[in-house]
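Topology and contacts: notes
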Amino acid sequence: MKTKTRFAPSPTGYLHVGGARTALYSWLFTRHSGGEFVLRIEDTDLERSTQEAIDAIMEGLNWLNLDWDEGPHFQTKRFDRYNSVIDHMLENGTAYRCYCSKQRLEKLRETQIANGEKPRYDGHCRDQVDKHDINKPSVVRFRNPQQGSVIFDDMIRGPIKFSNMELDDLIIRRTEGSPTYNFCVVIDDWDMEITHVIRGEDHINNTPRQINILQALGAPIPQYAHVSMILGEDNKKLSKRHGAVSVMQYRDKGYLPEALLNYLVRLGWSHGDQEIFSLAQMKTHFSLGAVSKSASAFNTKKLRWLNHHYINHLPPEKVATYLSWHVEKQGIDTQGGPPLVEIVKLLGERCETLKEMAESCRYFYQELTEFDVDAAKKHLKQAAHQPLTIVAAKLAEIDEWKVEKYPQCITKHGNGVTNKYGKSRNATTCRGHRR
Ligand code: GLU
Ligand code: ZN
């Protein structure tokens, strides 16, 4: 059977690394077997969802090259569909109207808490279908089975069991007529023929409710896989406190999407002791069975190491296109200077990020207007004054800037070492005098 997975973000913020990893696993799982990937925007929370977040999420996925075959679907555009299913459920009795007042529900809650019970709806209206005035305000609840249990075999965590006793009758339509979150997810997964639901572990508790609803609808039950959390370097839940959490912030800091993807795939998944994975290798080797159940801590050092690897192993032309974004962002005009691909070849070895590389290549394109204060302190000492004056005078005499010429100016015997780009960095800071 063809697999179909989805990434279903709620557009309440940017695409963070946790979401990106979930999307990656979901994408890899389906791409591994030639299946399809759906993007679904879960925007039912009208107050918290924004167009800005939708754009940011898509920008993040695009940057990472995680392409989708279908969508983006928007839940807010599917309310008619959800409501027609709810109407149908009211007719066949798998859902019912609940007329309980806020006061009654609050009192129930207080009593349950006072008795040390978990607060839950008591099923008051479950069997009173005909006893109410249909025009009175009501919500619609799902008639959850009261006996038995829901067991699902999580593809990452193994069998998980919930007793139906723990699940109350979930509200699926609010008083003002809007369908609720868990219900929309169920209808979407059904309509979009999702075969595997791969998502964050924070949704484990929703799964038995969703399975019960799917069952009541006679819909196929997808397989589920719940991915563990990503922690910060301090082993606490990853949050803004830890600096960059948005995927696009990693671009801004000079990481390559290839490096971030490689980092994220290994953060909670392994294949022997291999560390470096091209996208093609990830697709070949990825399996949910090898995804870890425990949370993984983010490690910037390792990400930097991978980034350094990709800076030096991707085709330099490709790295140069990424670099051009950074160079432009730093306001460096590269016209009249060496092509960026040469910068990549020259500085790749000593840079871990493209931001660093863009900073370091400034002198190839601009006049030297600022000194590195620390370096100046270290090197511009009294003792350096005389040799530097001599070198400056000799350099000024050069009429043609040829690589062979300036070692003579700098070293006593004229056999000074030049860098592998074949130029001294001082020479290239002199505008208009490049070879
Ligand atoms: N919208 C949910 C979230 O952003 C994901 C729901 C799901 O994957 O089922 O956490
Ligand atoms: Zn009720």
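Residues numbered from 1 in each chain as written. Chains lettered and ligands numbered in written order. Predicted model: local features only at pLDDT ≥ 70, side-chain atom pairs only at ≥ 80, totals over all residues. Heavy atoms only, no water.

**Some thoughts on the overall build of the protein chain**
Each helix and strand counted, the protein chain has 17 helices and twelve strands in total. The C-alpha radius of gyration of the protein chain comes to 30 Å, more than 25% above the 22 Å expected for a compact globule of 435 residues. Here the C-alpha coordinates of the protein chain stretch approximately 105 × 45 × 40 Å along the principal axes. Taking all 435 residues of the protein chain together, the buried fraction comes to 47%. Look at the contacts in the protein chain between residues 6 or more apart in sequence, and 74% of them connect residues 24 or more apart. Within the protein chain, one finds 59 positive and 55 negative side-chain charges whose respective centroids are separated by 4 Å. (Helix = DSSP H or I, 4+ residues; strand = E, 2+ residues; numbered from the N terminus. Rg over C-alpha atoms; globule rule 2.2 N^0.38 Å. Buried < 20%, exposed > 50% of the residue type's maximum accessible area, 1.4 Å probe, protein only. Contact = heavy atoms within 4.5 Å. Lys, Arg positive; Asp, Glu negative; His and termini not counted. Charge placed at Lys NZ, Arg CZ, Asp CG, Glu CD.)

**A word on the UniProt feature "short sequence motif: 'HIGH' region" (unreviewed entry) in the protein chain**
The feature "short sequence motif: 'HIGH' region" (unreviewed entry), as annotated in UniProt, sits at residues 9-19 in this numbering. Helix makes up 27% of residues 9-19 and strand 0%, with an end-to-end C-alpha separation of 8 Å. (UniProt positions renumbered as here; feature names shortened; annotations may be inferred.)

**Overview of the packing of helix H11 (residues 316-329) against helix H12 (residues 340-347)**
When two helices pack together, their arrangement is given by the angle between the helix axes and the distance between those axes. Where H11 contacts H12, the axes come no closer than 8 Å and their chain directions differ by 105°. Classified by the angle between their axes, H11 and H12 sit roughly perpendicular to one another. Of H12, the residues touching H11 (which contributes Pro 316, Glu 317, Val 319, Ala 320, Leu 323, Ser 324 and Val 327) are Leu 340, Val 341, Ile 343, Val 344 and Lys 345. Tallied by class, residues from the contact of H11 with H12 come to nine nonpolar, one polar and two charged. (Axes fitted to C-alpha atoms, helices over the stretch in contact; angles between N-to-C directions. Parallel < 35°, antiparallel > 145°, perpendicular 65-115°, else oblique. Nonpolar A, V, L, I, M, F, W, Y, C, P; charged D, E, K, R; others polar.)

**Focus on the coordination of the zinc ion (ligand 2)**
The zinc ion (ligand 2) binds to the protein through Cys 98 (SG), Cys 100 (SG), Tyr 121 (OH) and Cys 125 (SG), with metal-donor distances spanning 2.1 to 2.3 Å. What the four donor atoms of the zinc ion (ligand 2) show is an angle range of 100 to 121° at the metal, which sorts the shape as tetrahedral. Read N to C, the donor residues that coordinate the zinc ion (ligand 2) are spaced as C-x1-C-x20-Y-x3-C. Of the two residues, Cys 100 is situated in the loop between strand S4 (95-98) and helix H4 (102-114) and Tyr 121 in the loop between H4 and strand S5 (139-142); the sequence distance between them amounts to 21 residues. We classify Cys 100 as buried; its relative accessible area is 14%. (Donors = N, O, S within 2.8 Å, 3.2 Å for Na, K, Ca; no water. Tetrahedral: all angles 85-135°; square planar, octahedral: opposite > 155°, others 65-115°.)

**Concerning the packing of aromatic side chains**
What the rule picks out here adds up to eight aromatic pairs. With a centroid separation of 5.8 Å and 40° between ring planes, the pair formed by Tyr 250 and Phe 298 is classed as tilted. Taken together, the positions of Tyr 250 in helix H7 (residues 247-252) and Phe 298 in the loop between strand S12 (296-297) and helix H10 (300-313) put the pair 48 residues apart, joining distant regions of the chain. Summarising the burial analysis for this pair, Tyr 250 and Phe 298 share the class buried. Positioned above the aromatic ring of Trp 190 is the side chain of Arg 81, whose terminal nitrogen or guanidinium carbon lies 5.5 Å from the ring centre. Its guanidinium or amino end placed over the ring of Tyr 121, Arg 141 lies 3.5 Å from that ring's centre, counting from NZ or CZ. (Phe/Tyr/Trp six-rings, centres within 6.5 Å; stacked < 30°, edge-to-face > 60°. Lys NZ or Arg CZ within 6 Å of the ring centre and 35° of its normal.)

**Describing the layout of surface pockets**
Empty space left among the atoms is revealed by rolling a probe the size of a water molecule over them. Its volume calculated, the largest pocket comes out at about 1100 Å³. Looking at the lining of the largest pocket, the elements that each hand over two or more residues are strand S1 (4-7), helix H1 (17-32), helix H5 (181-191) and strand S9 (196-200). Among the elements that take part in the lining of the largest pocket, H1 stands out by supplying four residues, more than any other. Classifying every residue of the lining of the largest pocket by side-chain character gives 14 nonpolar, twelve polar and eleven charged. (1 Å grid on protein atoms, 1.4 Å probe; cavity = no way out; pocket = protein on both sides within 12 Å on 5 of 7 lines; lining within 4 Å. Points joined across faces, edges and corners; volume = space filled by probe spheres on them.)

**What to know about the pairing of S9**
Among the five residues that make up S9, five are buried, leaving the element largely enclosed by the rest of the structure. Here S9 runs beside strand S10 (residues 223-227); their pairing, made up of five bridges, is parallel. Of the residues in S10, the one forming a bridge with Ile 198 is Ala 225. Read as a crossover between parallel neighbours, the route from S9 over helix H6 (residues 207-217) to S10 is right-handed. (Pairing = 2+ DSSP bridges. Right-handed = clockwise from strand over helix to strand, strands pointing away.)

**Concerning the site of ligand 1**
Around ligand 1 sit Arg 6, Ala 8, Pro 9, Ser 10, Glu 42, Tyr 181, Val 185, Arg 199 and His 203, and those are all the residues in its vicinity. Residue Arg 6 places a side-chain N or O atom 2.7 Å away from an oxygen atom belonging to ligand 1. Side-chain polar atom of His 203 to an oxygen atom of ligand 1: 2.8 Å apart, as the coordinates give it. Of the pockets mapped on this structure, ligand 1 occupies the largest pocket. Here the shell around ligand 1 is composed, by residue class, of four nonpolar, two polar and three charged. (Near = heavy atom within 4 Å. Polar contact = N/O pair within 3.5 Å; in protein donor to acceptor, adjacent residues only side chain to side chain. Sits in = over half its atoms within 2 Å of the grid points.)

**Considerations on a nonpolar patch on the surface**
Side chains of Leu 368, Phe 371, Leu 380 and Leu 388 sit close together on the surface and give an oily, nonpolar patch of about 420 Å² of accessible area. Secondary-structure assignment places Leu 388 in helix H15 (residues 382-397). (Patch = residues over 30% accessible without salt bridge, like charges linked within 9 Å, V, L, I, M, F, W, Y side chains within 5 Å. Areas by Shrake-Rupley, 256 points an atom, 1.4 Å probe, with all protein chains shown as cover. Salt bridge = Lys/Arg side-chain N within 4 Å of Asp/Glu carboxyl O.)

**A closer look at the pattern of salt bridges**
Close approach of charged atoms lets side chains of opposite charge pair. For the structure shown, the criterion picks out 26 salt bridges. In this structure, Glu 59 and Arg 251 form a salt bridge, with 3.9 Å as the shortest nitrogen-oxygen distance. Placement of the pair is Glu 59 in helix H2 (residues 51-64) and Arg 251 in helix H7, with a sequence separation of 192 residues. Here Asp 168 ties to Arg 209 by a salt bridge, and the two come within 3.2 Å at their closest N and O atoms. With Asp 168 in the loop between strand S7 (158-163) and strand S8 (171-173) and Arg 209 in helix H6, this residue pair connects regions lying 41 residues apart in the sequence.

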